[in-house]
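# Summary of the model geometry
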Amino acid sequence: MTALMPTYQRYDIAFVQGDGAWLQGDDGRRYLDFGAGIAVAGLGHCHPHLVATLREQAGKLWHCSNLYRIPDQERLAARLVAASFADAAFFCNSGAEALECGLKLVRKYHDMAGAPERYRVITFAGAFHGRTLATIAAGGSAKHLDGFAPAVEGFDQVPFADLAAARAAIGDETAAILVEPVQGEGGIRPVPEGFLAGLRALADEFGLLLFFDEVQCGIGRTGRLFAHQWADVEPDLIAVAKGLGGGFPVGACLASGQAARTLTPGSHGSTFGGNPLAMAVANAVLDVVLADGFLERVAAAGATLRSRLAALPARYPGVIAEVRGHGLMIGLKCVQPNSVLVERLLGDGLLTVPAADNVVRLLPPLIIGESEIETASAIIDRVCAALVEKAA
Ligand SMILES: *Cc1c(COP(=O)(O)O)cnc(C)c1O
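Residues numbered from 1 in each chain as written. Predicted model: local features only at pLDDT ≥ 70, side-chain atom pairs only at ≥ 80, totals over all residues. Heavy atoms only, no water.

For the rest of this paragraph, the subject is the nonpolar core. Judged by nonpolar contacts, the single largest core of 76 residues is most densely connected at L199, L309, L332, L341 and I380. Per-element tally for this core: the top contributor is helix α9 (residues 276–289), with 8 residues. When residues are assigned to domains, this core turns out to be shared by domain 1 (15–46 + 293–391) and domain 2 (49–289), each giving three or more. Apart from residues lying up to four places away in sequence, L332 is in contact with L309, L312, I320, E322, V323, L341, N358, V359, V360, L362 and I380. Within the second largest apolar cluster, 24 residues are counted, among which are L99, L103, V106 and A239. (Core = buried A, V, L, I, M, F, W, Y, C linked by side-chain atoms within 4.5 Å. Buried < 20%, exposed > 50% of the residue type's maximum accessible area, 1.4 Å probe, protein only. Helix = DSSP H or I, 4+ residues; strand = E, 2+ residues; numbered from the N terminus. Domains from an automatic or database assignment. Contact = heavy atoms within 4.5 Å.)

Mapped onto the fold, T262 is located in the loop between β12 (251–255) and α9. Taking the relative accessible area as the measure of exposure, T262 reaches 0% and is therefore buried. Of the polar contacts made by the side chain of T262, one reaches the backbone oxygen of Q258; its length is 2.9 Å. Those residues in contact with T262 that sit more than four places away from it in its chain are L105, K108, Y109, M112 and S267. (Polar contact = N/O pair within 3.5 Å; in protein donor to acceptor, adjacent residues only side chain to side chain.)

This part is about the environment of N93. For N93, the location among the structural elements is in the loop between β4 (88–92) and α4 (95–112). The sequence separation of N93 and F272 amounts to 179 residues, and the corresponding C-alpha distance is 7.0 Å. Among residues more than four places away in sequence, those in contact with N93 are P249, V250, G251, S270, F272 and G273. One polar contact links N93 to S270, side chain to side chain, over a distance of 3.4 Å.

Here we take up the pattern of salt bridges. One pass over the full model with this rule turns up 16 salt bridges. Taking the shortest distance from any N to any O, the salt bridge between E374 and R308 comes out at 2.7 Å. Of this pair, E374 sits in helix α13 (residues 370–391) while R308 sits in helix α10 (residues 294–309), placing them 66 residues apart in sequence. Take E374: its relative accessible area is 33%, and that puts it in the partly exposed class. The exposure class assigned to R308 is partly exposed, which follows from its relative accessible area of 37%. Residue K333 pairs with D357 through a salt bridge whose shortest N-O separation is 3.2 Å. Within this pair, whereas K333 is found in strand β14 (residues 329–334), its partner D357 is found in the loop between β16 (353–355) and β17 (359–362), the two being separated by 24 residues in sequence. When its relative accessible area of 23% is taken as the criterion, K333 is described as partly exposed. When salt bridges that share partners are traced, they join E322, R324, K333 and D357 into one network. (Salt bridge = Lys/Arg side-chain N within 4 Å of Asp/Glu carboxyl O.)

Once that is clear, we can look at helix α3 (residues 71–82). Here α3 contains 12 residues, and its C-alpha end-to-end distance of 16 Å stays within 8% of the 16 Å for a straight helix at 1.5 Å per residue. For α3, the set of buried residues is Q73, L76, A77, R79 and L80. On an axial view of α3, the arc spanned by its buried residues comes to 165 degrees, and they lie on one face. Those residues of α3 that are exposed and angled more than 90 degrees off the buried face are P71 and A82. (Expected span 1.5 Å × (residues − 1). Arc of directions from axis to C-beta.)

Now for the site of the ligand. Every residue close to the ligand is listed here: S94, G95, A96, F128, H129, G130, E180, D213, V215, Q216 and K242. The side chain of D213 places a nitrogen or oxygen atom 2.7 Å from a nitrogen atom of the ligand. Contact with the protein chains removes 81% of the 390 Å² of surface that the ligand exposes when unbound. Counted by class, the shell around the ligand contains 3 nonpolar, 5 polar and 3 charged residues. (Near = heavy atom within 4 Å. Areas by Shrake-Rupley, 256 points an atom, 1.4 Å probe, with all protein chains shown as cover. Nonpolar A, V, L, I, M, F, W, Y, C, P; charged D, E, K, R; others polar.)

This next bit is on empty space enclosed by the protein. Applying the stated rule across the entire model yields 2 cavities of 30 Å³ or more. Taken together, A39, G42, L43, V215, Q216, G218, I219, R221, G243, V289 and L366 make up the lining of the largest cavity. Here the lining of the largest cavity is composed, by residue class, of 6 nonpolar, 4 polar and 1 charged. Inspection of the lining of the largest cavity shows a minimum of three residues originating in each of domain 1 (15–46 + 293–391) and domain 2 (49–289). Here the second largest cavity defines a volume of roughly 30 Å³. Taken together, V319, C334, Q336, P337, V340, L341 and L387 make up the full set of residues lining the second largest cavity. The residue makeup of the lining of the second largest cavity, split by class, is 6 nonpolar, 1 polar and no charged. (1 Å grid on protein atoms, 1.4 Å probe; cavity = no way out; pocket = protein on both sides within 12 Å on 5 of 7 lines; lining within 4 Å. Points joined across faces, edges and corners; volume = space filled by probe spheres on them.)

So, about helix α12 (residues 338–347). Among all positions of α12, only N338, L341, V342, L345 and L346 are buried. Projection of α12 onto a plane perpendicular to its axis shows the buried side chains occupying an angular sector of 135 degrees, all on one side. Residue G349 follows α12 closely and has a positive phi angle near 90 degrees.

Dropping the structure here:
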């Protein structure tokens, strides 16, 4: 019996301590964490720089209102701006809030430009943007919308990565295009090459804002600070969260140009957003992620892991249908239900995360080493072999 709302289907294990890519279970076993709390603990568990920063800040000041200047907030914003397309940042506490900020910004932008009738946002099938009323409407998943009618108005969903359908969906009321450069919950689906550039051209042609959801694929996950940087395309705004606080809840909406000047005093805000504790930790995350060579090592680790997994579909065609993804955001598309693979891997000491499209996500901490990649690959190989035997 539990006093918790039955929101989650949980595995019957709790973790009591973490160290790098490893977690200690309350069953006394050690687990290799290839989920990282769903792409959150990018620097692994108990990274010494994050622990020291949090401890130091905890003894100074946890919270003060945005009624006052928060120097670490200004510093974090300046660093994110210097490393990206953006000119300004707004801080909040989660991915969905970062999306909400962006969706409000999109409406306000066109309102300020004298076109308040422009409020509709084009989204893509398989998207996930969060669990608030607006973000479940944006995501468009029937499973997430079920029982929560009426859906928030203003989203037009087109098939995944379909540029022609996106163009055809643009009307007089269209305000923006919202897309994940790599779909996460949707099953680790990177958009095809050239697609983001195609969207940029559409946005420019029709005066729309281009909005990337980098909540899961951002903050180094693909081997660049932001996933869209591989495509050499600049959005007007992005949402980030998960990896930004390394496990401390923090999100941000980053915007450029006029979009960066759209949310003015009184038009948006957050009590907790950007408080000193969160900002100290997020700055410490950037100390590591932006250090020389870090992102290159993430890209290299992603390539190594990918090469270790590449043979799976040929070796175990009855288990793994496809290996896909970008950097340290890898999806194993399963033949049998993905829950079977996730549970078997858990049983063998490897934590992974299920996703839609029958995919198992591998989202290890960005600090993952060679030997941990070898260990994980060996577990995956062994479990796949056992699943073949079971099926036979
Ligand atoms: C996780 C996620 C969100 C929602 O983030 P929360 O912090 O759970 O609100 C939004 N977009 C994407 C792409 C995500 O992966």
